[in-house]
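Structural description and commentary
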Amino acid sequence: MPAPKPDLRALGVGIAQLRRERGMSIEHLAEASGVHRKTVIEVEAGRVAAKISTLHGIAHALGVPLPELVVPVCARHAKSVGTPTPTVER
């Protein structure tokens with residue numbers, strides 16, 4: 001069974017909401033996260049699947065843990081978001 005399609009729009013809406021709550025402009029978030037302004041706009045609009053490094057920078061700039069930032073991506077999936085995926089030990 002293929003993985004469900006990620007809800008990029010929900011992720012973008014969540015990022016935009018956090019940014020506004022912190023009184024940040026798109027330009028300020030871009031600068032603080034080390035991400036190009038256009039990329040921030042595209043992510044907030046849900047038009048791109050951002051790299052993990054991009055999301056990490058945005059999460060850091062917003063002061064939230066990366067997992068908290070990306071929860072909306074899977075929120076509508078049948079699997080419970082709060083259920084941890086087993087860790088593979090090496």
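Let me begin by describing the structure that accompanies this report.

The rules behind each value
Residues numbered from 1 in each chain as written. Predicted model: local features only at pLDDT ≥ 70, side-chain atom pairs only at ≥ 80, totals over all residues. Heavy atoms only, no water. Helix = DSSP H or I, 4+ residues; strand = E, 2+ residues; numbered from the N terminus. Contact = heavy atoms within 4.5 Å. Buried < 20%, exposed > 50% of the residue type's maximum accessible area, 1.4 Å probe, protein only. Axes fitted to C-alpha atoms, helices over the stretch in contact; angles between N-to-C directions. Parallel < 35°, antiparallel > 145°, perpendicular 65-115°, else oblique. Left-handed = near helix turned anticlockwise from the far one by under 90°. Nonpolar A, V, L, I, M, F, W, Y, C, P; charged D, E, K, R; others polar. Arc of directions from axis to C-beta. Salt bridge = Lys/Arg side-chain N within 4 Å of Asp/Glu carboxyl O. Polar contact = N/O pair within 3.5 Å; in protein donor to acceptor, adjacent residues only side chain to side chain.

1. Side note on the environment of Ala 30
Here Ala 30 is to be found in helix H2 (residues 26–33). Each C-alpha atom of the pair Ala 30 and Gly 57 lies 9.0 Å from the other, and the pair is 27 residues apart in sequence. When residues no more than four places from it in sequence are discounted, the contact partners of Ala 30 are Val 35, His 36, Arg 37 and Val 40.

2. Here we look at helix H4 (residues 52–62)
Those residues of H4 that fall on the buried side of the exposure criterion are Thr 54, Leu 55, Gly 57, Ile 58, Ala 59, Ala 61 and Leu 62. Once H4 finishes, Gly 63 follows within two positions and takes phi at roughly 75°, a positive value.

3. Some words on the packing of helix H1 (residues 8–21) against H4
Orientation of H1 relative to H4, taken along the N-to-C sense of each, is 30°, at an axis distance of 10 Å. Relative to H4, H1 is oriented roughly parallel. When the axes of H1 and H4 are compared, the crossing they make is left-handed. Where H1 approaches H4, its residues Leu 11, Ile 15, Leu 18 and Arg 19 are matched on the opposing element by Leu 55, Ile 58 and Leu 62. Class assignment for the residues of the contact of H1 with H4 results in 6 nonpolar, no polar and 1 charged.

4. Topic: H2
Along H2, the residues classified as buried are Ile 26, Leu 29, Ala 30 and Ser 33. Taken end-on, H2 shows its buried residues confined to a sector of 100°, consistent with a single buried face. Buried positions along H2 lie against H1, helix H3 (37–44) and H4. Backbone geometry just after H2 places Gly 34 at a positive phi near 75°.

5. What to know about the pattern of salt bridges
Using the criterion set out here, one finds 4 salt bridges in the structure. For Glu 44, the salt bridge is made with Arg 19, and the minimal N-O distance between the two is 2.6 Å. Of this pair, Glu 44 sits in helix H3 while Arg 19 sits in helix H1; the two residues are 25 residues apart in sequence, bridging distant segments of the chain. For the pair Glu 44 and Arg 19, one class covers both residues: buried. Arg 37 serves as the salt-bridge partner of Glu 27, at 2.8 Å between the closest nitrogen and oxygen. Within this pair, whereas Glu 27 is found in helix H2, its partner Arg 37 is found in helix H3, the two being separated by 10 residues in sequence. Glu 27 gets classed as partly exposed once you look at its relative accessible area, which sits at 41%.

6. As for the side chain of Ser 33
Its place among the elements puts Ser 33 in helix H2. A distance of 3.3 Å separates a polar side-chain atom of Ser 33 from the backbone oxygen of Ala 30. Among all residues touching Ser 33, those that are not within four sequence positions of it are Gly 57, Ile 58 and Ala 61.

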